[in-house]
Amino acid sequence: MFKIYELYQKDVYVYILANKNNSVLYVGVTNNIQRRILEHKDRVNKGFTYRYNVDKLVYYEVHGYINDAILREKRIKKWNRKWKEQLIEEHNKEWIDLSLEW
């Protein structure tokens, strides 16, 4: 069953992280991208990104509603690696860490 989390508009981000050599990808969703990326870089949570040293922000997109962002995140997670790479390279051909601008 699909849950309705919020009925009002708010910026929500779907993002893709990579490790140093771009061999591992992680797809996530957050309502505060700067805070969340900092948590990944500081290795706050001992999950997947911690184990595989995934903390380089290579792609993100903004959604107005949490439900849209969650749906998009789930869809991207199901994509094969090639599709994810194509999405990243459409916007960030060099795979630079986009959070370095902050």
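Residues numbered from 1 in each chain as written. Predicted model: local features only at pLDDT ≥ 70, side-chain atom pairs only at ≥ 80, totals over all residues. Heavy atoms only, no water.

With respect to the pattern of salt bridges
- On inspection of all chains with the given rule, the structure shows six salt bridges.
- The salt bridge involving Glu39 is made with Arg36; its shortest N-O contact spans 2.9 Å. With Glu39 and Arg36 both in helix α1 (residues 33-41) and three residues apart, this pair spans about one turn of that helix.
- With a shortest N-O distance of 2.6 Å, Arg81 and Glu85 are connected by a salt bridge. With Arg81 and Glu85 both in helix α4 (residues 81-91) and four residues apart, this pair spans about one turn of that helix.
- Accessibility expressed as a relative area gives 24% for Glu85, which makes it partly exposed.
- Among the charged side chains, a network of salt bridges with common partners joins Arg35, Arg36 and Glu39. (Salt bridge = Lys/Arg side-chain N within 4 Å of Asp/Glu carboxyl O. Helix = DSSP H or I, 4+ residues; strand = E, 2+ residues; numbered from the N terminus. Buried < 20%, exposed > 50% of the residue type's maximum accessible area, 1.4 Å probe, protein only.)

Considerations on α4
- For α4, every residue scored as buried is listed here: Lys84, Leu87 and Ile88. The buried residues of α4 occupy an angular sector of 95° when the element is viewed end-on, so they sit on one face. Away from the buried face of α4 by more than 90 degrees, exposed residues Lys82 and Glu90 are located.
- Buried-residue contacts for α4 involve β1 (12-19), β2 (25-30), β3 (54-63) and α3 (66-78). (Arc of directions from axis to C-beta. Contact = heavy atoms within 4.5 Å.)

What about the nonpolar core?
- One finds Ile16, Leu25, Val58, Ile76, Ile88 and Trp95 to be the most contacted residues of the largest nonpolar core, which totals 15 residues.
- Mapped by element, the contributors of at least two residues to this core are β1, β2, β3, α3 and α4.
- In contact with Ile16, other than residues within four places in its own chain, are Leu25, Tyr26, Val27, Lys56, Leu57, Val58, Tyr59, Ile76, Leu87 and Ile88.
- With nine residues, the next largest nonpolar core counts Tyr15, Leu17, Ile37 and Val54 among its residues. (Core = buried A, V, L, I, M, F, W, Y, C linked by side-chain atoms within 4.5 Å.)

Let's talk about a nonpolar patch on the surface
- On the surface, Tyr60, Val62 and Trp102 cluster together into a nonpolar patch covering about 290 Å² of accessible area.
- With respect to the secondary-structure elements, Trp102 resides in the segment after α4.
- When its relative accessible area of 41% is taken as the criterion, Trp102 is described as partly exposed. (Patch = residues over 30% accessible without salt bridge, like charges linked within 9 Å, V, L, I, M, F, W, Y side chains within 5 Å. Areas by Shrake-Rupley, 256 points an atom, 1.4 Å probe, with all protein chains shown as cover.)

Some words on the side chain of Ser99
- Here Ser99 lies in the segment after α4.
- Its relative accessible area of 10% is what places Ser99 among the buried residues.
- In terms of polar contacts, Ser99 uses its side chain to reach the side chain of Asp97, at 2.6 Å.
- Dropping the residues within four chain positions of it, Ser99 is found in contact with Ile37, Lys41 and Leu57. (Polar contact = N/O pair within 3.5 Å; in protein donor to acceptor, adjacent residues only side chain to side chain.)

Let's talk about the pairing of β1
- With eight of its eight residues buried, β1 lies for the most part within the structure.
- Pairing of β1 with β3 involves eight bridges; the strand directions are antiparallel. The partner of Val14 across the bridge, within β3, is Glu61.
- Strand direction decides the pairing type here: β1 and β2, joined by six bridges, are antiparallel. By the bridge assignment, Val14 is partnered in β2 with Val29.
- The loop that links β1 with its antiparallel partner β2 comprises five residues; one of these, Asn22, has a positive phi angle of about 60°. (Pairing = 2+ DSSP bridges.)

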